[in-house]
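Listed below, chain by chain, are the residues.
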Amino acid sequence: MKRTVKIYLLLLVVGLSVACTKSKNKPGHTFFPDMAYSPAYKTYSENPVFEDGQTMRLPAEGTIPRGFKPYPYAGRSMEEQVRAGQELENPLQATPEVLAEGKRQYEIFCVSCHGDIGDGNGHLFTSRVFPAKPRSLIDDYLKGKPDGEIYHVITRGSFSGLMGPHGGQISPENRWRIVHYVRSLAQDQNIASSEN
C-alpha cells in the first residue's frame, strides 16, 4: 500500500513538473478562450456589443462611484454652468506637481481633441474624424471663465453638446489639475506671443 502511494506521488510530481512551463508567453491550455482573451475596443472605435455601436459608455444612470459625492449641477444648461463657475473654487494650488499631473491627465483625456498647445487642433479634428473644431483653450473667451465653469464643462460636457462629459472617467482632483494645466497653457501662449 505504501509503495503504491509513493508511486502515485512520484507520478504526480513528474506530471506537474512536465505540465509547468517557464515561458510566461505560453501559459498552457485555455479552457474558455472567449473569457480569457476578451477583445479590447479602443475608446472611439465601433463596438458590436452595444446596440448603438459605441465603445465609450457613460456610467449607469443614477449611479455614484464609491467615495464620490453627487455632482449638484445639471449638464447642458448655461445657467448651471454659470452657477458652477460662481460657486466652485479650485481646492488645489498650482504647484509644479499639480501642473505635471494636470499635463499627464490632459494628454490622456484632452489632447486628442484640443491639441498639444490647447488651440483646438487635436488629432481627431486635423484627421477629420471629428468635423467640428473643438474650442481653443488658449483664447480670450476661456481666459475670462472662472475655474468652476471649466471644471463643470469637463464634468458634464459642453453646453453645445460637442464635448461629452468626462466626469465618469476623470476623478474630481484630476479635473481640478487639468483646469490648472489649461490655465498654464494660456499663460504659455501669452508669453510666446509677447516674445514675438
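The following paragraphs examine the structure supplied in this document.

## Concerning helix α4 (residues 96-109)
- Taking 1.5 Å per residue, 14 residues should reach 20 Å; α4 reaches 20 Å between its end C-alpha atoms and fits that length.
- Of all the positions in α4, only Val-98, Gly-102, Gln-105 and Tyr-106 are classed as buried. Mapping the buried residues of α4 onto a view down its axis gives an arc of 105 degrees, with all of them on the same face. More than 90 degrees from the buried face of α4, the exposed residues found are Pro-96 and Glu-97.

## Quick notes on the packing of helix α3 (residues 78-87) against helix α8 (residues 147-156)
- Viewed as axis vectors pointing N to C, α3 and α8 meet at an angle of 130 degrees, and their least axial separation amounts to 6 Å. On the basis of their axis angle, the class for α3 and α8 is oblique. Every pair of crossing elements has a handedness; the one defined by α3 and α8 is right-handed. When α3 is examined against α8, the residues Glu-80, Gln-81, Val-82, Ala-84 and Gly-85 are found in contact with a partner set consisting of Gly-148, Glu-149, His-152 and Val-153.
- In the contact of α3 with α8, the residues fall into three nonpolar, four polar and two charged.

## Focus on unusual backbone geometry
- One non-glycine residue with positive phi stands out, namely Arg-76, at about 55 degrees.
- By the secondary structure assignment, Arg-76 is in the loop between α2 (33-36) and α3.
- In this structure, Arg-128 is a non-glycine residue whose phi angle is positive, near 65 degrees.
- For Arg-128, the position within the fold is in the loop between α6 (123-126) and α7 (140-143).

Scoring rules and cut-offs
Residues numbered from 1 in each chain as written. Predicted model: local features only at pLDDT ≥ 70, side-chain atom pairs only at ≥ 80, totals over all residues. Heavy atoms only, no water. Helix = DSSP H or I, 4+ residues; strand = E, 2+ residues; numbered from the N terminus. Expected span 1.5 Å × (residues − 1). Buried < 20%, exposed > 50% of the residue type's maximum accessible area, 1.4 Å probe, protein only. Arc of directions from axis to C-beta. Axes fitted to C-alpha atoms, helices over the stretch in contact; angles between N-to-C directions. Parallel < 35°, antiparallel > 145°, perpendicular 65-115°, else oblique. Left-handed = near helix turned anticlockwise from the far one by under 90°. Contact = heavy atoms within 4.5 Å. Nonpolar A, V, L, I, M, F, W, Y, C, P; charged D, E, K, R; others polar.

Just distances and angles here, no functional claims.
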